[in-house]
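Chain residues, written in single-letter form:
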Amino acid sequence: MSHLRFTIYDLRFCRTARRLGYGIVFAALFFAGGIGHAAATNDWFTQGVELNCAGQFPEAAAAFAQSEKIQPAAGTLVNLGITEWQRGRAGAAILAWEQTRWIDPFDARAEADLKFARAVAQVEEPPLKWFETASTWLPPNAWFWLAGASLWLAVGALVLPGIFRRRKAGWQQTLAALAFGLFLFCLTANFGLVSRTQIGFVLTKNAPLLLTPTREGEVITTLTAGEPARQVRTRGDYVFIRTLGGSGWIEQSQFRLVCPK
Amino acid sequence: MKIPQPPTANAKRRAPAGGRIFFRWRLLAAGWLCSAGVFTLLLQAQVPPQVSPEAAAQMIMRPQTPVDNSQSANLVATAEFDPPAVRPGEKTTYRVTINATQNSIRWPDEISLPAGLSLGPSARGQLTQPDGTPFRPLTEFVYEVTPTAAGRMVMTNFSVPIGWQTVEIPAATLDVAETNAASPAARKITLEVSETNLFFGQPFRVRVIFPATAGNQLEALRDVQFNGGGFLTDKLSVRQAIEPVGQGDKLVPAFTYETIATPLAAGPQTMSAQGFTVPPFSAGPLTITARTGPVMLGGAASGRPIFLVSDAVHLNVRPLPEETAPAGFTGALGKFLADKPQLSTNRVHVGEPLHLRYGFHGDGDLTRFVPPATPRSRDWQIIADPPPATGFTLIPQTDEATNTPAIPFSAFDPATASYVDLTIPPLPVTVIGDGLPVQLPVLDDEGKTTAPLKLSGLAPAPGKTAASLRPLQLRGGFVIVQLLPVLGFVALWQWDRRRRFLEAHPEIVRRRQARRGLRREKRFLQKAAAAGEAAAFVAHAAEAMRVAVAPHFPANPHALVCGDVLAQLNDAERNGRAAETVRTIFAAADARFALAPETQADLLALPAAVEAVLLTLEEKL
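Here is a short report on the structure shown in this document.

Here we take up the overall build of chain A. When helices and strands are tallied, chain A shows 8 helices and 7 strands. Of all 261 residues assigned to chain A, the portion counted as buried reaches 38%. Put simply, 57% of the contacts in chain A that link residues at least 6 apart link residues at least 24 apart.

Before going further, it helps to spend a moment on the sheet that holds strand β6 (residues 151-155) of chain B. Residues and elements named next belong to chain B. Reading across from one edge, β2-β9-β6 is the order of the 3 strands in this open sheet, with mixed pairing throughout. Where the open sheet ends on each side, the last strands, each with one partner, are β2 (85-86) and β6. Where β6 and strand β9 (residues 172-176) come together, 5 bridges link them in antiparallel fashion. Bridge assignment links Gly-151 to a residue of β9, and that residue is Val-176.

Before going further, it helps to examine the interface of chain A and chain B. It is common to report an interface's size as the accessible area lost on association of the parts. Tallying the contact residues gives 47 residues for chain A and 35 residues for chain B. Elements with a minimum of two residues in the side of chain A that touches chain B: α1 (2-53), α2 (57-70), α3 (74-87), α4 (90-103), α5 (108-121), α7 (140-163) and α8 (170-196) of chain A. For the side of chain A that touches chain B, the element with the highest residue contribution is α3 of chain A, accounting for 9 residues. Considered class by class, the residues forming the side of chain A that touches chain B number 27 nonpolar, 16 polar and 4 charged.

As a further point, take the nonpolar core. Counting residues in each nonpolar core, the largest one holds 74 residues, and the members touching the most others are Tyr-94, Ile-189, Val-208, Phe-210, Leu-221 and Phe-255 of chain B. The contacts of Leu-221 of chain B, once residues within four sequence positions are left out, are Ile-189, Val-208, Phe-210, Phe-255, Tyr-257, Gly-275, Phe-276 and Thr-277 of chain B. Among the nonpolar cores identified, the runner-up in size contains 49 residues, and Ala-60, Leu-203, Ala-225 and Trp-249 of chain A belong to it.

Residues and elements named next belong to chain B. In a regular helix each residue adds 1.5 Å, so 13 residues correspond to 18 Å; helix α10 (residues 607-619) covers 18 Å between its end C-alpha atoms and thus fits that length. Those residues of α10 not exposed but buried are Val-610, Val-613, Leu-614 and Leu-617. Along the axis of α10, the buried residues cluster in a sector spanning 95°; they form a single face. Opposite the buried face of α10, by more than 90 degrees, sit the exposed residues Ala-608 and Glu-619. Buried positions along α10 lie against α5 (506-531), α6 (534-549) and α9 (577-590).

Okay, the environment of Thr-97 of chain B next. All names here are of chain B. You can see Thr-97 is positioned in strand β3 (residues 92-98). Between the C-alpha atoms of Thr-97 and Val-76, which are 21 residues apart in sequence, the distance is 8.1 Å. Contact partners of Thr-97, with chain neighbours within four places excluded, come to Ala-77, Thr-78, Leu-138 and Glu-140.

To continue, consider the packing of α3 of chain A against α4 of chain A. Residue and element names in this part refer to chain A. The contact between α3 and α4 brings their axes to 7 Å, and the two run at 165°. Regarding the angle of α3 to α4, the classification is roughly antiparallel. α4 is crossed by α3, and the crossing has left-handed handedness. For the pair α3 and α4, the contacting residues are Ala-74, Leu-77, Val-78, Leu-80, Gly-81, Glu-84 and Trp-85 in the first and Ala-90, Ala-92, Ala-93, Ala-96, Trp-97, Gln-99, Thr-100 and Ile-103 in the second. Among the residues making up the contact of α3 with α4, the classes are represented as 11 nonpolar, 3 polar and 1 charged.

Omega for the peptide link from Asp-82 of chain B to Pro-83 of chain B comes to 0°, which places this bond in the cis form. Note on placement: Pro-83 of chain B falls in the loop between β1 (77-82) and β2. Phi at Gln-122 of chain A is positive, roughly 60°, even though this residue is not glycine. Gln-122 of chain A gets classed as exposed once you count the C-beta atoms within 10 Å, which come to 10.

Each value, and the rule that gives it
Residues numbered from 1 in each chain as written. Chains lettered and ligands numbered in written order. Predicted model: local features only at pLDDT ≥ 70, side-chain atom pairs only at ≥ 80, totals over all residues. Helix = DSSP H or I, 4+ residues; strand = E, 2+ residues; numbered from the N terminus. Buried ≥ 20, exposed ≤ 12 C-beta atoms within 10 Å, placed from the backbone. Contact = placed C-beta atoms within 7 Å. Pairing = 2+ DSSP bridges. Nonpolar A, V, L, I, M, F, W, Y, C, P; charged D, E, K, R; others polar. Core = buried A, V, L, I, M, F, W, Y, C linked by C-beta atoms within 7 Å. Expected span 1.5 Å × (residues − 1). Arc of directions from axis to C-beta. Axes fitted to C-alpha atoms, helices over the stretch in contact; angles between N-to-C directions. Parallel < 35°, antiparallel > 145°, perpendicular 65-115°, else oblique. Left-handed = near helix turned anticlockwise from the far one by under 90°.

Here you go:
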């Protein structure tokens, strides 16, 4: 019996070692894949820059789009926007720069390009509510982590002294109150962030805004490329959007969200 | 060619103003028909020219002379057998003529016949006769009658309601006798169709032939109708001509009425034609010397129109195999060929239109040709040319377009009973995108140009990256990530709860520690036994026993002696081998305190007994 116990113990030890080995191999592969991933992204990015410099804008845009598809990056999207602008596609350019600001709200290049594009194309910025404006202060995922951290920090500051049989100090309660306040603010910012995911931009020039989601639908008005709109619902190949000028249906191919679903 | 001009009543008297105009019109028509008749005698049938929808609408919407349907008091009905004398079994026609519109006559569904007559197919038709202004209606009912016995058959008179009046149809008499001379061949019309085995929607030619009489006297047909519900005849493709047709082994001049019909129902169909005889010229009979002999136009033997009905033609209309219909099928049937499409240019800027011209030709019916439907394309705005032009205006929407869009089109070839793909293929084009300005001057308050606002340069590196543009809040793992801290707090709570429990029950901790110590001592014990080290074996065995019984007192294991271990054994064990093993081990262990410690090597033979004692003690923990 005792020999059997010792055998089992040895087997457990061996299995643990094997798992450890598997973990090391997996981690190595993961990091190797990540390096390969980044290399592929850089290849497309470099190719896009070269094509843009050569004046081959459609091909350059395709290369930047491929790079962005593999891994969205602020610089890639800035370059994609510049290339689309040079091709004469104001809507796609503004969308790319808005996506840049979605990833990195502090990207000065995208901000300047957006300002320039809107001055040239005569289109407005998307109107944001106060909680949506607050959500632009930090990258989207930062709000997520900040909300989680502040909540559990508040909970921890309240609960952990009891668990560890320590007296609740004043600073701990202050910390809990501050963390909880931060959590409440982060909640509104997160709500604004989710609300901003419904904002998109018109891609094509003179895109018809239709009364009904049909091919022969009555045209309410035509929209300028780069005009912001909020997606309300979809039906078939059409999206119901709300713009500054009114509401109506637009073809899905003529409208794209900043944060694609 | 000398054309005799016999004096006519119209020529003798001076006609009123309206009559003069009508007379001139008739003269013009006579001249046109004469020329047409002469020239078409030796010509083959030609495909009718294409008529544009606007011209067709004008033709259809031309104002017509009104028809007098005022139901005048002098309604007249006539009835007769044509011919009135036949042999038994010889067909004749029972003909009733009423000068009223067909819709106003409530004709009985069945008429009573005298014995000895059998009724065949019937037909009815309406003619509007020019009688100054307005036209006068004339309706005729015909029945095919076959006498089965000889005798004098009398079709009695009967009444028919017409509007609010009642008109009496007079009696008609038919002499049936074997001695009757063979009646001359009845005037009849023949219906010819180009095909009898058709597909649904397949246009086919129908021709009504009205041959000249034995004396080459030729008459025309008016108000020609085709009976049978499953067809649509094309009024715009009607062609009337006087031409030679084969009758037996010889050519005879005949009036022909030709048009195009389209089957609108699948399955077996029956078709017949009917019409009224009219002289081709009102000016009088004209005699033309043609290759087939002298032909007399007009001056018909009968002074009034005669209603004629052709024999029925049976057709088989097959449905189209719709399940295999390719994209772009708009209903075109026939043998079509596509011309090579032509582009106005192959290099355009975004938003600049170019024109694509295509053409189809063949032996199909082009009057009902439906051009290819305008396809939808993300890269192109496509505008079809208004008919009858064939082409598309294409406007590129993006510089990504490298080809014009393929425009699907197909036709059904009845000869092979299969669809033929006639898709207009994509043609290569170069679309140039027009860039937007990259620099914008900014003006100050005084309107002077200051530093230009310009587009930034390209980013040298990808920069800050993100796994996805989709925020974590909207991903599926959001809930799981939020649950992780919850799980941590639950674990902490469980740990604290267990800690409090163990504080309330310290014996559990002692027993657990004892079990852990016992396992440790057992390992040392087995190593010592394997190494043959008797002293170590005894020491670890004694220590294991102390550790195993310590929680029962509770006490520190080092404070326990042999008696304490024996006290934990039951009576049977205390008097048995287990107690002896305990005493032996403790005696040997205590021997180390002797002046001359001596360990018996035979103690190494006790592992099994020691193991049994330890197992007994472990079970009590």
